[in-house]
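Examining the three-dimensional arrangement
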Amino acid sequence: MSNIIIISGSPSSVSRASTIAEYIGELLNKNGHKTQHLKVRDLPSEDLLHANFNSPSIIEAVNSVVNADAVVVVSPVYKASYTGVLKTFFDLLPEKALSKKPILPILNGGTTAHLLALEYALKPLFSVLGATEILNGVFIGDSQVKYSEAGVVFEDIEIENRLQSNVNELVQIINKLSIASLN
């Protein structure tokens, strides 16, 4: 059983990103993996903004990422990139925090004009943090998914299938890494 951290970068308490993250967690749990959902918005804002590396909450969150076997990042797109609160958190991670971890990026946004944010915003960030196994990821348009506190409903079956396919790919990679580490 692998330990997977799902990081949602939405500043809102109820959001598409958070409900998509919960959905991904359910898929991973069904595959026998342990998940932790880190909502960056729940970290102390003052500690994030002042880069308080000594904050117990920040230390715990950073250690969760460093100790994870895989990372899923889910964020809305604002102003053609991932959210500022997510960037602020990633700025607190050690230089090679994502080394040897498969990374699955998921973005949601108002229009497909934001689709390239996966390639030009998230993937370079992950590379700087040492990631070498970055999955293609999924961009989900706001019209393709409805959400509430009860969960997510996909309006577009193709998006749901792509998301499930990417999660399955992540599971296969994690399983291969687990087998390789036993040998």
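These notes cover the structure that comes with them. All values reported here derive from a predicted model rather than from experimental measurement. (Residues numbered from 1 in each chain as written. Predicted model: local features only at pLDDT ≥ 70, side-chain atom pairs only at ≥ 80, totals over all residues. Heavy atoms only, no water.)

Scanning the protein from N- to C-terminus turns up six helices and eight strands. Counting from the amino terminus, the protein carries its helices and strands in the arrangement β-α-β-α-α-β-α-β-α-β-β-β-β-α. At 15 Å, the protein has a C-alpha radius of gyration in line with the 16 Å of a compact globule built from 183 residues. Once the C-alpha set of the protein is aligned to its principal axes, its extents read approximately 45 × 40 × 30 Å. Scored against the burial criterion, the 183 residues of the protein give a buried share of 49%. Across the protein, every contact between residues at least 6 apart in sequence was considered, and the portion connecting residues at least 24 apart equals 77%. A total accessible area of about 9000 Å² is found for the protein, and carbon and sulfur atoms account for 50% of it. (Helix = DSSP H or I, 4+ residues; strand = E, 2+ residues; numbered from the N terminus. Rg over C-alpha atoms; globule rule 2.2 N^0.38 Å. Buried < 20%, exposed > 50% of the residue type's maximum accessible area, 1.4 Å probe, protein only. Contact = heavy atoms within 4.5 Å. Areas by Shrake-Rupley, 256 points an atom, 1.4 Å probe, with all protein chains shown as cover.)

This part is about the pairing of strand 8 (residues 151-154). Here four bridges tie strand 7 (residues 145-148) to strand 8, and the two strands are oriented antiparallel to one another. For serine 148, the partnering residue across the bridge sits in strand 8 and is glycine 151. Counted along the chain from strand 7 to the antiparallel partner strand 8, the turn is two residues long. (Pairing = 2+ DSSP bridges.)

Here we take up the packing of aromatic side chains. Evaluation of the coordinates by the stated rule reveals three aromatic pairs. Taking the centre distance of 5.1 Å and the plane angle of 65° together, the rings of tyrosine 23 and phenylalanine 154 count as edge-to-face. Here the residue tyrosine 23 occupies a position in helix 1 (residues 16-30), and phenylalanine 154 occupies one in strand 8, the gap between them amounting to 131 residues. Accessibility assignment for this pair places tyrosine 23 and phenylalanine 154 in one class, buried. Geometrically, the ring pair formed by phenylalanine 89 and phenylalanine 90 is edge-to-face, given 6.0 Å between the ring centres and 70° between the ring planes. Classification of phenylalanine 89 by relative accessible area gives buried; the value is 0%. In textbook terms, an aromatic cluster arises when at least three aromatic residues are bridged by ring pairs, as seen for Phe89, Phe90 and Phe126. (Phe/Tyr/Trp six-rings, centres within 6.5 Å; stacked < 30°, edge-to-face > 60°.)

With that settled, consider the nonpolar core. Most often, soluble globular proteins keep nonpolar side chains buried together rather than apart. Core analysis: the largest hydrophobic core is formed by 33 residues, its most contacted members being Ile7, Phe89, Phe90 and Leu98. Contributing elements (two or more residues each) for this core: strand 1 (3-8), helix 3 (56-66), strand 3 (70-76), helix 4 (84-90), strand 4 (102-109) and helix 5 (117-128). The greatest single-element share of this core, amounting to six residues, is contributed by helix 5. Each residue touching phenylalanine 89, except ones within four places of it in the same chain, is listed here: Ile7, Leu38, Val40, Leu43, Leu48, Ala61, Val62 and Val65. Membership of the second largest hydrophobic core comes to 27 residues, among which are Ile6, Ile24, Leu27 and Val74. (Core = buried A, V, L, I, M, F, W, Y, C linked by side-chain atoms within 4.5 Å.)

Let us look at helix 3. Three or more residues of helix 3 are buried, namely Ile58, Ala61, Val62, Ser64 and Val65. Across the axial projection of helix 3, the buried residues extend over an arc of 155°, all falling on one side. Of the residues in helix 3, the exposed ones pointing more than 90 degrees away from the buried face are Pro56 and Glu60. Structurally, helix 3 contributes buried residues whose contacts are with strand 1, strand 2 (34-39), helix 2 (45-49), strand 3 and helix 4. (Arc of directions from axis to C-beta.)

Backbone geometry places lysine 79, a non-glycine residue, at a positive phi of 50°. Considering the arrangement of structural elements, one finds lysine 79 in the loop between strand 3 and helix 4. Overall, lysine 79 belongs to the exposed group, its relative accessible area being 83%. In this structure, alanine 80 is a non-glycine residue whose phi angle is positive, near 70°. As for its placement among the helices and strands, alanine 80 is situated in the loop between strand 3 and helix 4.

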